[in-house]
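# Tertiary structure, described
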Amino acid sequence: MTSAEDILAELRSLRAADLPTHGGRTLAYVYDSGLAGVDELAASAHALASSANGLDPTAFPSLLRMENDLVAAAADLLGGSAETVGSVTSGGTESCLLSVLAARDARPEITSPNVVLPTTAHAAFHKAAHFFGVRPISVPVDPTTFRADPAAMAAAIDESTVLVVASAPSYAHGVVDPIPEIAAAAAARGVRMHVDACIGGWVLPYFVKLGADVPPFDFGVEGVTSLSVDLHKYAYCPKGVSVLLHASAELRRSQYFASADWPGYTMLNTTLQSTRSGGPLAAAWAVLKHIGEDGYLKLASDTRDAVREIRAGIETIDGLRILGDPDSTLLAMTSTGDFDLFTVADEMRERGWYTQPQFAHQSSPMNLHLTITAANRGNEKEFLADLTASAEAARAAGPVVVDPNVAAFVAALNPDELTGEQFAGLLAAAGMGGDTGLPTRMAEINALLAEAPAPLRERLLLEFLGALYTR
Ligand SMILES: Cc1ncc(COP(=O)(O)O)c(C=O)c1O
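The text that follows walks through the structure, step by step, so that each part is easy to find. Remember, predicted model here, so these are calculated numbers, not experimental data.

## Let's talk about the sheet that holds strand S5 (residues 192–196)
Taken in spatial order, the seven strands of this open sheet run S1-S7-S6-S5-S4-S2-S3, and their pairing is mixed. Bordering the open sheet on either side are strand S1 (85–89) and strand S3 (135–139), each of which pairs with just one other strand. Going from strand to strand, the sheet's axes swing by 20 degrees on average, the running direction of each strand aside. As paired strands, strand S2 (residues 114–118) and strand S4 (residues 161–167) are joined by three bridges and run parallel to one another. Pairing of Asn-114 across the sheet is with Thr-161, part of S4. Each of S1, strand S6 (226–230) and strand S7 (242–246) touches helix H3 (residues 61–77); the most contacted strand, S1, lies at about 115 degrees to it.

Take a look at the structure:
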């Protein structure tokens, strides 16, 4: 048997190649409270409950208790009433999927259902539409504010619409959509309205308590029928926990699934999962209790200060500007100058920061995304100094030139007919063939991908994923 010590040493060495999850240097994917002891508490709580199975709440009443506690805490924070109910899911995508599923299944008489959503809604809704045979009707947002256009959304609702979606805030630009107008339009047509507050739901209410002018977005808004909030984001819980709230048990009913049509136990599921680990749930329950109201208020205050300082600093860097007027903790910065943004991301990476490239989409130019958390309080100056230096380095490096042969090769590709050989050829041409590992500088690859139309980019990146997940 290999010793536990050796195995953990191996795991530690594998983890050393990852982006850091603490310290505020990874500005996407991870959320760091910066508080000592939170990780240890979460890990202990996780270990205490990870073998318990949420599949049967009567067998594991501890999980039932903790889930009801989390749902109650989310409902209290987000303007819910005594009628508000919900479920704990594995993450934002599962919550969004279930909001669409519940809406579809509540209207079985509609033969070809659709969901009306702004173009800035999270891709999880396109996944839901794809999985559940619901047509996505994407409505363009205001080209400069990037907020959903309520009149256009209202006009897009028809008799087959089962759900209207808006974000609080959107991931790409961090702006809150005009939820009251959109919810009113949905309610007027008798259609459900989901607020995707996956990323904002645990921080915006605290911004409000701190006196910030946040547009209304929660159950206090007439017409909102469901809302998702991820505890593994700004509640700073370990990954694997989101809450999907419904305004009433009646609205939640069609989310549940039962099957007695087999010889085993009657399968009763509240979410997409059946066996559900109690680990993430217990970890979240413990973290919420530990950090508490005062703790979250302080974390939100620190985050807000960090966002302000970083945003103001970016505005002063020659050639960079913030897209829209973000309401929350997410910033998207674009280049107005004579340098390549994706090179800036590479330069930042070399200086120990991860910023996330976002490709151009309709009126949104290519940009770098920043998810700012409490752990960024205190390192704003260092971040801004490195960003200034990175912009200068990108300027000095000159434009990214995509090899014209590779560009021509990509332009000729048909996403529906892409073969494994073509993809292998492309990887080799991009210098990623064989066992060379992942490149750390991505500007050229991103520039190439930026030129590919979205369907081809999807296809190329899926092939890439397949190439990564080999044995
Ligand atoms: C607004 C929004 N919705 C949904 C999601 C999906 O969440 P997850 O990655 O937990 O599935 C995210 C993730 O960032 C998000 O920002």
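## Brief notes about the site of the ligand
Around the ligand, a shell composed of Gly-91, Gly-92, Thr-93, His-122, Pro-169, Tyr-171, Asp-196, Cys-198, Ile-199, Asp-230, His-232 and Lys-233 is seen. In this structure, an oxygen atom belonging to the ligand sits 2.9 Å away from a side-chain N or O atom of Lys-233. For the ligand, the accessible surface in isolation is 390 Å², of which the surrounding protein chains cover 84%. The residue inventory of the shell around the ligand, partitioned by class, reads four nonpolar, five polar and three charged.

## Overview of the packing of aromatic side chains
For the coordinates displayed, the defined rule picks out nine aromatic pairs. A cation over a ring is seen here: Arg-25 above Trp-353, with NZ or CZ 4.0 Å from the ring centre. When the ring centre of Phe-207 is taken as reference, the NZ or CZ atom of Arg-304 above it lies at 6.0 Å.

## Here's the deal with the pairing of S7
Among the five residues in S7, five count as buried, and that is most of the element. Of the two faces of S7, the one lined by Ser-242, Leu-244 and His-246 and the one lined by Val-243 and Leu-245 are each fully buried. Note: S1 against S7, five bridges, orientation antiparallel. Each residue of the ladder has a partner; that of Thr-89, found in S7, is Ser-242. In the sheet, S6 pairs with S7 via five bridges, with the strands oriented antiparallel. Within the sheet, the bridge partner assigned to Ser-228 lies in S7 and is Leu-244.

## With respect to the pairing of S2
Taken across its five residues, S2 has five buried, putting it largely inside the fold. Bridging between S2 and S3 involves five bridges; their strand directions are parallel. Residue pairing for S3: Asn-114 is matched across the bridge by Arg-135. Traced from S2 through helix H5 (residues 124–132) to S3, the parallel crossover comes out right-handed.

The rules we used
By convention here, each chain's residues receive numbers from 1 onward along its written sequence. For a predicted model such as this one, the threshold for reporting local features is a pLDDT of at least 70, and the threshold for listing and counting side-chain atom pairs is 80 or more; totals across whole chains, interfaces and linings nevertheless cover every residue. Heavy atoms throughout the structure, all of them, feed into the side-chain values; hydrogens and water do not. Following DSSP output, two strands are said to pair if at least two bridges run between them. Secondary structure elements follow DSSP: runs of H or I no shorter than four residues count as helices, runs of E no shorter than two count as strands, and numbering proceeds from the N terminus. Under this scheme, a helix contributes an axis fitted over its contacting stretch, all axes are lines through C-alpha atoms, and angles between N-to-C directions fall in the 0 to 180 degree range. Whether two residues are in contact is decided by their heavy atoms, any of which lying within 4.5 Å being enough. Residues are counted as near a molecule or strand when any one of their heavy atoms sits within 4 Å of it. Whenever a nitrogen or oxygen atom comes within 3.5 Å of another N or O atom, the pair is scored as a polar contact, on the condition that within protein one atom can donate a hydrogen and the other can accept it, and that pairs from neighbouring residues in sequence are kept only if both atoms are in side chains. All accessible areas in this document rest on Shrake-Rupley with a 1.4 Å probe, and a residue is counted as covered only by the protein chains that are shown. In this classification, the charged set is Asp, Glu, Lys and Arg, the nonpolar set is Ala, Val, Leu, Ile, Met, Phe, Trp, Tyr, Cys and Pro, and all remaining amino acids, among them Gly, are polar. To pair, rings of Phe, Tyr and Trp, with the six-membered ring standing in for Trp, must have centres within 6.5 Å; the planes then decide the type, stacked if under 30 degrees apart, edge-to-face if over 60, and tilted in the middle. Definition used: whenever NZ (Lys) or CZ (Arg) falls within 6 Å of the ring centre and also within 35 degrees of the ring normal, the charge is taken to sit over that ring. Each residue is assigned to one of three classes by its accessible area relative to the maximum for its type, calculated with a 1.4 Å probe on protein chains only: buried under 20%, partly exposed between the two thresholds, exposed over 50%. Handedness rule for crossovers: strands pointing away from the viewer, path from the first strand over the helix to the second running clockwise, crossover right-handed.

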